[in-house]
Amino acid sequence: MIDGPYFVLIVAGVLGTGVVAGVFCGFSTFVMRGLAALPPAQGVAAMNAINVSAVTPAFMLVFAGTAVLCAMIAVVTFVLWPDEGKVELLLGSALFLFGSFGLTLVANVPRNDALARLEPGTPEATAYWPTYVREWTMWNHVRTVASAAAAVVYLLALS
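Residues numbered from 1 in each chain as written. Predicted model: local features only at pLDDT ≥ 70, side-chain atom pairs only at ≥ 80, totals over all residues. Heavy atoms only, no water.

Colleague: Help me get a handle on the overall build of the protein chain, residues and values and all.
Modeller: Counting its secondary structure elements, the protein chain contains 5 helices and 0 strands. Along the chain direction, N to C, the helices and strands of the protein chain fall in the order α-α-α-α-α. Across the 159 residues of the protein chain, 40% fall into the buried class. Within the protein chain, contacts between residues separated by at least 24 positions form 80% of all contacts whose residues are at least 6 apart in sequence. Counting only carbon and sulfur atoms, one obtains 76% of the accessible surface of the protein chain, whose full area is about 8,100 Å². (Helix = DSSP H or I, 4+ residues; strand = E, 2+ residues; numbered from the N terminus. Buried < 20%, exposed > 50% of the residue type's maximum accessible area, 1.4 Å probe, protein only. Contact = heavy atoms within 4.5 Å. Areas by Shrake-Rupley, 256 points an atom, 1.4 Å probe, with all protein chains shown as cover.)

Colleague: Can you break down the packing of helix H1 (residues 4–37) against helix H4 (residues 86–116) residue by residue, with the values?
Modeller: Running from amino to carboxyl end, H1 crosses H4 at an angle of 35 degrees, the nearest separation of the two axes being 12 Å. Read as a crossing pair, H1 and H4 show a hand that is left-handed. Every residue of H4 that contacts H1 at Tyr-6, Ile-10, Thr-17, Val-20 and Phe-24 is listed here: Leu-89, Phe-96, Ser-100 and Thr-104. For the contact of H1 with H4, the per-class residue count stands at 6 nonpolar, 3 polar and no charged. (Axes fitted to C-alpha atoms, helices over the stretch in contact; angles between N-to-C directions. Left-handed = near helix turned anticlockwise from the far one by under 90°. Nonpolar A, V, L, I, M, F, W, Y, C, P; charged D, E, K, R; others polar.)

Colleague: Tell me what's going on with the environment of Thr-77, and back it up with residues and numbers.
Modeller: Residue placement: Thr-77 occurs in helix H3 (residues 57–80). Within the structure, the side chain of Thr-77 is placed 2.6 Å from the backbone oxygen of Ile-73, a separation counted as a polar contact. (Polar contact = N/O pair within 3.5 Å; in protein donor to acceptor, adjacent residues only side chain to side chain.)

Colleague: I'd like a rundown of the side chain of Thr-104, residues and numbers included.
Modeller: With respect to the secondary-structure elements, Thr-104 resides in helix H4. In this structure, Thr-104 is in contact with Phe-24, Phe-63, Val-109, Pro-110 and Arg-143, ignoring residues within four places of it in sequence.

Next comes the structure, spelled out in structure tokens:
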């Protein structure tokens, strides 16, 4: 069984990936639906405000901190190469680092940046809004599943 400081590191990874999965799930299941129901000018303005306010120390600590934890788990797993849970630990790290953190950088952030360049109420913003909602939400579903799967796989490593 995994124990000691390594156990604490993995439990922190479970908690971090689980919290991030919960945040993303909330966005996928009701926040984006609510924003999509607004007139485009209001939806664009609201999402731009959310994107600005999301970059807070608290959220960044959880999101980026979890990425650091997952990277640490992967490195420690490679160095120690434990007999128990090595596949699960590496898989959990990969799921979060690529399927959540990496995907944020290559799929969601570029869409946020494109939306931020548009003035709410303009024809360009109105035309882009349905595409933004559809694509951003699709990639957010993937981030949600990847984060939740990472938490589950890390838990399996502890059993």
